[in-house]
Every structure is written in structure tokens, then in C-alpha cells.
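Chain residues, written in single-letter form:
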Amino acid sequence: MSAPHEQPESQRWFDRALIVSPGGVNSPVRAFRAVGGTPRFMVEGEGAWLTAADGERYVDLVGSWGPMLLGHAHPEVVAAVQEAVSRGTSFGTPSRPEVELAEEIVERAPVEQVRLVSSGTEATMSALRLARGFTGRDMVVKFAGCYHGHVDALLAEAGSGVVTLGLPETPGVPAHVTADTVVLPYNDRAAVEAAFAELGPRIACVITEAAAGNMGVVPPEPGFNAFLSETCRTHGALFISDEVMTGFRVSPSGHWGLDGALEGWQPDLLTFGKVMGGGFPAAAFGGRADVMGQLAPSGPVYQAGTLSGNPVATTAGLTTLRLADADVYAAVDSWSESVQSLVTGALKQAGVPHVLQTAGSMFSVFWGVTDPVTDFAGAQAQETWRFTAFFHAMLDAGVHLPPSAFECWFVSAAHDDATLSRMAAALPEAARAAAAAPEPTRTT
Ligand code: PLP
């Protein structure tokens, strides 16, 4: 095994990747641009651990950005996938596991029908089209700092990689496409009311992350999602709750299980991804039967996909969801709380001002702030350079965190005392590094 800072194998692969792929990656945040250094090329995942090309093992707190609720290479998921693969990888016809996966989703979430797709982006893009087709309206309301995939109309003031890379806007999105997108501050009821007062009859839908996780974790204030649902109902718009990140992760029925199910409201449409694909490219959107019934071939709103409902991907997702029982959610919640208290303890000890925010078992740290963060402006006010120092100290000590202060940390049911010990050993030094990190000098 090489010394902590040297990663000759990862570096070698990254150099090769840089020649053949833009930025050396297939999704921007993986490139470590926000934190610098060489992304680790992983060769194996097992439980809560990842092994990189240079042989060192890391506690994984990325979880493939959410899907790995059960941990990596869960034996039952692997066995089900192997069995499915051995029977053929794609038929281009209806197949049994896609029906079973849809049934599982309908049982857990407040949807009457679902359409399976291959990525979260495809889910939100299709939900938007359906909302526009159903209402006959064009305008879409979204919230600053929420990320819904790289859908043209939804990239305005987006979180995740867009904020990580500090991109003010994305070239290639025609102005007329975003002209129908209204971006409002998250958690701001007055702004929503004002938008509907002015544009109500033109608004097709409001889309929001069920709990924002792509500007760091910023939970909806109590009643905010209910308010959005009610406002949409009053004005004849649809309420789309994007549960791609939260779905089947923060409760058996996603974030809705933590608010709507208790408060007695339902979104008109929901989008799902990540956990429901069990680490494979599977996602979905679903909702009211009368709305979903507008989709082709039942209705006129067109949507399709060569690999939609792929038998291997749906088998992985179905097996994952069937394994995700009450014990799994209790374990994820409990490991998450343990990690959170280790992190805040170490940061307090080192005197690093911070706020740790949660949405169920999802959490993230805002650096150098003392008040709760409720919106994108608050998230952007944090001292990201402290995270950079913290991140590298943790990485050198064998803990793989999301490489951006604006991303959520994901724990799995496979985390255990050994992963906590590794973190406990790494944290004091990382917290001191965060405390001592100098503010970068500004060049402008
Ligand atoms: N919606 C949310 C809330 C997400 O977090 C993401 C991805 O992180 C997406 C949509 C897009 O999903 P995908 O990356 O599968 O396209």
C-alpha cells in the first residue's frame, strides 16, 4: 500500500481518463474540482467500505450518491442480479420484475401508477412534460439550490455539481427554455404566494426536492411541503415532489413518510431514483392515476425508453426494496446519528463553528456558520475552504466523503463499529485542519 498522499494507480487512470473524457469523469462532482487532488478510482465495494486501485480501503460516506442503502455488494442483491443476468440482459418487451418493482413502489409511496425510466434526470424531465401536458400550461416553479438532474428547464440556480463548480448558468440551455422557469428562494412561502398571485393561471407545476439535499441538507420548514401542495391545488397546478434522493432512503416511503403521510396530503407526482435502482440505472415517476393516464400509450403525452424497466436493473431495485425493512431503516438512522455526533463532537472540540443539518438519515455540515441554513443564500455563505482541509485529512485517514461542501453524506445499513472507529480516529486531526484552514485570498 502506498503512502497516504500518493495515489499512483488512481493518478495513472485519471491521466488516461483526462485524455478520453472531459475532465476525466462521467459526472462532474467526481472530478474533485471543488477540493483538488486526485479522485480515487475504486475497484471494489463491500458493505460500507470501498477499495481503491492503490489498494487502500475507505469508509464510504458517498454511497454512490444515495443508492447504496444496504451497502455495497449485498449478497442477496448480487445473487438476484447474477440470476437475472443469466437469463438475458434486456428483452425490449414487458417483463415480470418491472411489474413487481412498480407494485412495490405503489405499495410504499403515495402513487397510483408509475412509469419506470433509467435516471433521475429522465424522471424529472418526464414528470415536467406530463405536468405541462396535463394542465395545458407552460410555467414551472422551482427553488434555488434544488437540483433535479440536468434537465434544461431545471438547471437555473441549481444545486449539486452546478453550485460545486460555481457555474452561474449553463451554456447550451436556450433562454426561451428557462423563460418559463420561475426560481424562488427555498422555504419562502411569501415568494410562492407572490408568484402564484402574478402568474397563477400559467403555472403548470411546482417542483421541489422533498427535502433539499443538493445544496447541503436543508430540510423543508415544518408545513412547507404541505403549503406547496395546497397552493398548487388552489391554483390548478400540479405539485411534484422530487424524491430521487430521499425516496426509500429516509423512510420506507421516503420523505413523504416523514411529512405528508403524517399531515394528510399527497403530491400529484413524485420522482424516484437511486435506492429503487439498487445501484443500477433505474428511476421512476408516478402519481395520480388521472395524471399518469395522460402518458402514451394511454394518453397523448409521449415518453419512452429502450432500456426502461430493464430486467436486471429492476431486479436489483426490487431486491433492494424488499430487503429494506424496518430493521434496515432503524440501522441506517442509528449509524447516521452516531456519525453525526462524532463529527459535531470533533468540530466542537477543535472550535470550528458549524451547523449540521439533517433530513431523516441524510445530513451535511455547513462550515463557519452558526445559524440554521434555510435556503441557497445561506448555504452559499459557508466557509467552504474549511471543508476542503477537512475532506483531505479524512481521505488521508481512510474516510471517503462527498468531495464538495454542498453535497449530502450518505450512511448505509452496513456501517458498523469498525467504520465508526475509523472515523473516530480520523476526525480530531481533520477537525483541527478545518479550524486552521486559511481563507483563500480572492483574486478579484
Ligand atoms: N433529483 C434529485 C433530487 C437528485 O438528487 C438527482 C441526482 O442527484 C437527480 C434528480 C438526478 O438524478 P440522476 O443523477 O440519476 O439523473
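In this report, the structure presented in the accompanying data block is examined. Treat the numbers as computed from the prediction; the structure is a model and nothing was measured. (Residues numbered from 1 in each chain as written. Predicted model: local features only at pLDDT ≥ 70, side-chain atom pairs only at ≥ 80, totals over all residues. Heavy atoms only, no water.)

**Let's talk about the site of the ligand**
And then number 1: Taken together, Ser119, Gly120, Thr121, Tyr147, His148, Gly149, Glu209, Asn214, Asp242, Val244, Met245 and Lys274 make up the full set of residues adjacent to the ligand.
And then number 2: Here an oxygen atom of the ligand sits 2.8 Å away from a polar atom, N or O, in the main chain of Gly120.
And then number 3: In the model, an oxygen atom of the ligand is placed 2.6 Å from a nitrogen or oxygen of the Thr121 side chain.
And then number 4: Alone, the ligand offers 390 Å² of accessible surface; in the complex the protein occludes 82% of this.
And then number 5: Here the shell around the ligand is composed, by residue class, of 3 nonpolar, 6 polar and 3 charged. (Near = heavy atom within 4 Å. Polar contact = N/O pair within 3.5 Å; in protein donor to acceptor, adjacent residues only side chain to side chain. Areas by Shrake-Rupley, 256 points an atom, 1.4 Å probe, with all protein chains shown as cover. Nonpolar A, V, L, I, M, F, W, Y, C, P; charged D, E, K, R; others polar.)

**Thoughts on the packing of aromatic side chains**
And then number 1: With the rule as written, the count across this model stands at 13 aromatic pairs.
And then number 2: Measuring from ring centre to ring centre gives 5.3 Å for Phe32 and Phe391, while their planes differ by 85 degrees; the resulting arrangement is edge-to-face. A residue pair is termed long-range when its members are at least 10 positions apart, and Phe32 in the loop between α1 (8-20) and β1 (42-46) and Phe391 in helix α14 (residues 384-396) qualify at 359 residues.
And then number 3: Residue Phe32 is classed as buried on the basis of its relative accessible area of 3%.
And then number 4: With centroids separated by 5.3 Å and ring planes inclined at 50 degrees, the aromatic side chains of Phe363 and Trp409 adopt a geometry described as tilted. Of this pair, Phe363 sits in strand β12 (residues 362-367) while Trp409 sits in the loop between β13 (399-400) and α15 (417-436), and the two are 46 residues apart along the sequence. Taken individually, Phe363 and Trp409 each receive the classification buried, so the pair is uniform in this respect.
And then number 5: Ring pairing ties together the aromatic residues Phe32, Phe363, Trp367, Phe387, Phe390, Phe391 and Trp409, which thus form one cluster. (Phe/Tyr/Trp six-rings, centres within 6.5 Å; stacked < 30°, edge-to-face > 60°. Helix = DSSP H or I, 4+ residues; strand = E, 2+ residues; numbered from the N terminus. Buried < 20%, exposed > 50% of the residue type's maximum accessible area, 1.4 Å probe, protein only.)

Without other data, these values stay purely geometric and don't point to any function.
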